[in-house]
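Notes for the structure review
Chain residues, written in single-letter form:
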Amino acid sequence: MKNILAVALGILTAIGGFLDIGDIVTNAVVGSRFGFGLVWVVVVGVIGICLFAEMSGRVAAVSGRSTFEIIRERLGPRMGAANLVASLFVTGLTLTAEIGGIALALQLASGVAPLLWVPVAAFGVWIILWRANFKIMENVTGLLGLCLAVFGVVFFLLQPPWGEVWSQMTAPSIPSQESVPTYWYYAIALFGAAMTPYEVFFFSSGGIEEGWRRMDLARERWNVLVGFPLGGLGSIAIAGVAALYLMPADITVESLSQVVLPVVQAGGQLALAFVIIGLVAATTGAALETALSTGYTIAQYAGWPWGAAKKPFQAARFHLVIIVFLLGGVLILLTGVDPIMVTEYSVVFSAVALPLTYLPILVVANDREYMGDKVNGRVMNFFGTIYLVIIVVASVAAIPLLIVTGAGR
């Protein structure tokens, strides 16, 4: 049991990173419009996040210091500040989307308007961060989020035509009603959803919270190799269910109720209960990650005391940052803005910010002053460089495609 729980950090990061409101909605939209034609992006994203999460986790375990602290020291205050501003903008936007996601999930369970759930959702996240210890947070939220595996069950209940599914995945084509720019817009959105910057900051900071050292490198790798692919499979299942049920019915996903419609139709009320539990847990886990990441990045850059395990009076500024960002997210949502729209923009801007996040990690992972004999090997650097090129291309193309396609409309 101890070994199983040892991968809970990776499970929480995967649930919060791959199966947050952004990925749930984006994959459902992509499945309903492009079928299985963009599954390859999820695979590319899983490999990429595994690559860079392993680097950041290894840096934390070997140096005993947080990634952002080292970035500021190694690359200087200006580069650190640029990274900080970009990361905080994307993370704050994502946190707003996750609070909205919790509210939407609670609406499915209660029928009460999501606007009324927004303050409750933010307050619940704050209470968990204030009162629960890190172990309880990661174990309970991460494991309950596995209820979203019901999408995988429903995928098989829908009896997919395996030959056609395999053909679409291995030889993707653009449906006649979609344009080439829209296809690539959603490809970048999926990629940004898979490799959101806060994931690596949360993962490495969580490793520091759990006291990782050199002897824990195997555990760190298990977290990466179990957690993130698990989240990736969940993403593919959501897209697959939408492709099998929503696409033939010509239903375009515009709300969370449409995302769960195939689950209800195929699995009934029991499946709906599982999916609601999973949605609440996954969006709550993502909100916890993003809220903590706002505090982590600022506190680590400024040299303040930080940590979910620290009481508010022990790390007052760290906890104050989290409260400010939670309140900011609530105020944005109370204007009546659509949480789904916030979600769509958050994954695109995540892609824009990727180079500022992953280049410093690649640099530090090759620095013997911090890493000693645990620096990247040739294979890791080869794939890290390839992914850095992909990240830069995605970052440059994201905004033009956003404008040209009208956010994929």
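Below is a short write-up of the structure. (Residues numbered from 1 in each chain as written. Predicted model: local features only at pLDDT ≥ 70, side-chain atom pairs only at ≥ 80, totals over all residues. Heavy atoms only, no water.)

With that out of the way, let us pick up the overall build of the protein chain. Helices and strands together make up the secondary structure of the protein chain, namely 18 helices and zero strands. Relative to the 2.2 N^0.38 estimate, which gives 22 Å for 409 residues, the radius of gyration of the protein chain is 20 Å and therefore close to what a compact globule would have. Principal-axis analysis of the C-alpha atoms gives the protein chain an extent of 55 × 45 × 45 Å. In the protein chain, buried positions account for 57% of the 409 residues. The contacts of the protein chain with a sequence gap of at least 6 include a subset with a gap of at least 24, amounting to 84%. On the protein chain, roughly 16000 Å² of surface is accessible, and the fraction owed to carbon and sulfur atoms is 69%. (Helix = DSSP H or I, 4+ residues; strand = E, 2+ residues; numbered from the N terminus. Rg over C-alpha atoms; globule rule 2.2 N^0.38 Å. Buried < 20%, exposed > 50% of the residue type's maximum accessible area, 1.4 Å probe, protein only. Contact = heavy atoms within 4.5 Å. Areas by Shrake-Rupley, 256 points an atom, 1.4 Å probe, with all protein chains shown as cover.)

Relative to the helices and strands, Ser293 is located in helix H14 (residues 256-302). The exposure class assigned to Ser293 is buried, which follows from its relative accessible area of 1%. Of the polar contacts made by the side chain of Ser293, one reaches the backbone oxygen of Glu289; its length is 2.8 Å. Those residues in contact with Ser293 that sit more than four places away from it in its chain are Thr91, Tyr198 and Phe202. (Polar contact = N/O pair within 3.5 Å; in protein donor to acceptor, adjacent residues only side chain to side chain.)

In this structure, Leu38, Phe52, Phe151, Met195, Leu256, Val275 and Tyr358 are the most contacted members of the largest nonpolar core, which totals 91 residues. In terms of residues, this core owes the most to one element, helix H4 (residues 39-63), which gives 13 residues. Ignoring sequence-local partners within four residues, the contact set of Phe52 consists of Met195, Val200, Tyr358, Ile361, Leu362, Gly384, Tyr387 and Ile391. Ranked by size, the runner-up nonpolar core spans 25 residues in total, among them Leu95, Ile99, Leu106 and Val125. (Core = buried A, V, L, I, M, F, W, Y, C linked by side-chain atoms within 4.5 Å.)

Another point: the pattern of salt bridges. Two side chains carrying opposite charge are able to pair once their charged atoms lie near each other. Under the defined criterion, the tally for this structure stands at six salt bridges. The residue Arg33 makes a salt bridge to Glu178 at a minimum N-O spacing of 2.8 Å. Of this pair, Arg33 sits in helix H3 (residues 21-34) while Glu178 sits in the loop between helix H10 (162-170) and helix H11 (180-194), and the two are 145 residues apart along the sequence. Here Arg33 matches Glu178 in class, with each residue buried. Where Arg58 meets Glu54, a salt bridge forms, and the shortest distance between an N and an O atom there is 2.9 Å. Here Arg58 pairs with Glu54, and both are found in helix H4, just four residues apart, close to one helical turn. For the pair Arg58 and Glu54, one class covers both residues: buried. Shared partners join several salt bridges into a network, and the residues in it are Glu54, Arg58 and Arg221. (Salt bridge = Lys/Arg side-chain N within 4 Å of Asp/Glu carboxyl O.)

This part covers helix H6 (residues 77-110). Helix length check: H6 (34 residues) gives 48 Å between terminal C-alpha atoms against 50 Å at 1.5 Å per residue, within 8%. One or two residues past the end of H6 sits Gly111, with phi positive at roughly 85 degrees. (Expected span 1.5 Å × (residues − 1).)

Let us look at the environment of Asn381. With respect to the element layout, Asn381 can be found in helix H18 (residues 378-405). Spatially, the C-alpha atoms of Asn381 and Ala365 are 9.3 Å apart, while their sequence positions differ by 16 residues. When neighbours within four sequence positions are excluded, Asn381 is seen to be in contact with Leu362, Asn366 and Asn376. A polar contact is formed between the side chain of Asn381 and the side chain of Asn376, at a distance of 3.1 Å.

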